[in-house]
Amino acid sequence: MVNISFITQTLFTDCEDVCNNYLAIYKLHEMSKIMSHISTRAIHCGQSAAQWSHRATVPPIVNSTTFELSIQQVFDENFVGNDLMYSRMGNPTRSSLNTALAALESARHALAFGSGMAAIVTCGHLLSAGDHVLSCDDIYGGTNLYFTQCLKPMGFDVTYTDFTDMSAVAANIRPNTRLLWVESPSNPLMKFVDLKALCELRDRSAPEAIIAVDNTLMSPLFQRPLDSGADLSVHSVTKYINDVTMGAVMTNREDLYSRLEFLQNALGTVSSPFDCFLANRGLKTLSARMAVHQTNGLSVARFLESHPMISQVLHPGLESHPQYELARRQCRGFSGMISFRLKGSVAQSKTFLQSLKVVKHAVSLGGVESSVEVPARMSHRDMTHEERRALGIDDQLIRMSVGIEDVEDLIQDLGSALKCAQQSLDSDIYSFSTRTIHCGQSPDQWTHRSLIPPIVNSTTFELSVQQLFDPKFAGN
């Protein structure tokens, strides 16, 4: 049986022990500097057994809501509390995860939040009433909802513009601009922002503004915004990092970290010890999972691009992507995120989704399972019709999160569903008179490609040798 009182005494009997504990955490951060590869960091950083008296190699779930203080701390007039006093203020399991998350982006600090939106809302509290927020126009629906229906009514000014155009960004910067909010790639249109160019523009035109980059769609493995000069890298941990409701913010700035740490405690936007434990475990397979997401994503994108039922595919690994060169220069790889446009109308989108068997239609993304959604009807439904139309988010736009299933099964499933959508298009887009002339008349079904189906009077048809000796062949 574990002696809890012994552990408490060992870890927290006096200030010297607390200092030693912080020294151990500092050493763990220093370890990340000698682990040059993210796959190694994801497994080892923040996991050292030296931080626990019982020397567990897997960080334990510390569910205690409060921690014993030493007599010296209680009667010290200068003592203002520490991380290990109340679990909202600090928790050992969460501290381990924070160390690991920081190491993923080579950041000095990281904070784990109760959800991706909890992280975004806490970042919003870095601002003061009257401040101006300049955001890219194509962003996650939840972020748009927060900016439009929460920040604006509280006295903040929010402007949306196309961050792929630096001249448009420069034109919208104001003297009171204090936050530049970026998604790169954006959700759902997969637009990339030149982060280095944006940081240079900020330094010239709005040096007091914070640049925050939502890096969710890339994961820390494939893009590190802090390396380009951004102040904050924000993640919905729920997505690629691990399938648990959680958010994260990484930063190298001491002032922002101190303020965010205070706000997290004051607002109560912390994550639970159990969720932190799950996220910590999930980090260890991040590199392995992302490798499959990347391979599958590109294979599916190429299949879709070649399909006659698809009018456009948006994937940064395709040369047809408008910012292909920027994406290659800025990223170390690509995730499994794809957006594409179906031909036809909402009827074809509905048929396509209904016909999928392996791929699920659901919101969220980045899971091991593949999923699709219609942003106009799902993740971005809170935007006005006019806002969606201006961006090109319509009923034919499909966003797909490619999972780690066998890619042949995914392509077969997509192909079958697209065939059903094609059939519905053939019957829907033509008037009755047009259908009577063209449907069933395609020359593709005949080797001689005649425009009028020939009269086939033969009463029998030759079978191939393969068909004759195939025990599964039941006729056709």
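Residues numbered from 1 in each chain as written. Predicted model: local features only at pLDDT ≥ 70, side-chain atom pairs only at ≥ 80, totals over all residues. Heavy atoms only, no water.

Asks: What is the right way to look at the pattern of salt bridges in this model?
Replies: Two side chains of opposite charge can pair, provided their charged atoms sit close to one another. Following the criterion strictly, the structure yields 14 salt bridges and no others. Two residues, Arg253 and Asp255, come together in a salt bridge whose shortest N-O distance is 2.7 Å. Given a relative accessible area of 29%, Arg253 falls into the partly exposed group. A salt bridge links Arg341 to Asp394; the nearest nitrogen and oxygen atoms lie 3.4 Å apart. Of the two residues, Arg341 sits in strand E9 (residues 337-342) while Asp394 sits in the loop between helix H16 (385-391) and strand E12 (397-401), which places them 53 residues apart along the sequence. Among the residues examined, Arg341 registers a relative accessible area of 16% and is labelled buried. Taken together, the shared-partner salt bridges in this structure form one network comprising Arg202, Asp203, Asp231, Arg253 and Asp255. (Salt bridge = Lys/Arg side-chain N within 4 Å of Asp/Glu carboxyl O. Buried < 20%, exposed > 50% of the residue type's maximum accessible area, 1.4 Å probe, protein only. Helix = DSSP H or I, 4+ residues; strand = E, 2+ residues; numbered from the N terminus.)

Asks: Is there a simple way to explain the packing of aromatic side chains in this structure?
Replies: Applying the stated criterion to the full structure yields three aromatic pairs. With a centroid separation of 5.8 Å and an interplanar angle of 90 degrees, the aromatic rings of Phe147 and Trp181 are classed as edge-to-face. Taken together, the residues span a long stretch of sequence, with Phe147 in helix H7 (residues 141-151) and Trp181 in strand E4 (residues 177-183) at a distance of 34 residues. As far as burial versus exposure is concerned, Phe147 and Trp181 are alike and both buried. Consider the rings of Phe340 and Phe352, whose centres lie 6.0 Å apart with planes at 90 degrees: the pair is edge-to-face. Here Phe352 lies in helix H15 (residues 346-355) and Phe340 lies in strand E9, a separation of 12 residues in the sequence. This pair shows no difference in class: Phe340 is buried, exactly as Phe352 is. Grouped by ring-pair contacts, the aromatic residues Tyr146, Phe147 and Trp181 constitute a single cluster. (Phe/Tyr/Trp six-rings, centres within 6.5 Å; stacked < 30°, edge-to-face > 60°.)

Asks: When you look at the pairing of strand E1 (residues 109-113) in this model, what are you seeing that I'm missing?
Replies: For a regular strand, side chains alternate in direction, first toward one face of the sheet and then toward the other. With five of its five residues buried, E1 lies for the most part within the structure. Side chains His109, Leu111 and Phe113 project from E1 onto one buried face, and the interleaved Ala110 and Ala112 project onto a second face that is buried too. Where E1 meets strand E7 (residues 247-251), five bridges bridge the pair, whose relative direction is antiparallel. Bridging across to E7, Ala112 finds its partner in Ala248. (Pairing = 2+ DSSP bridges.)

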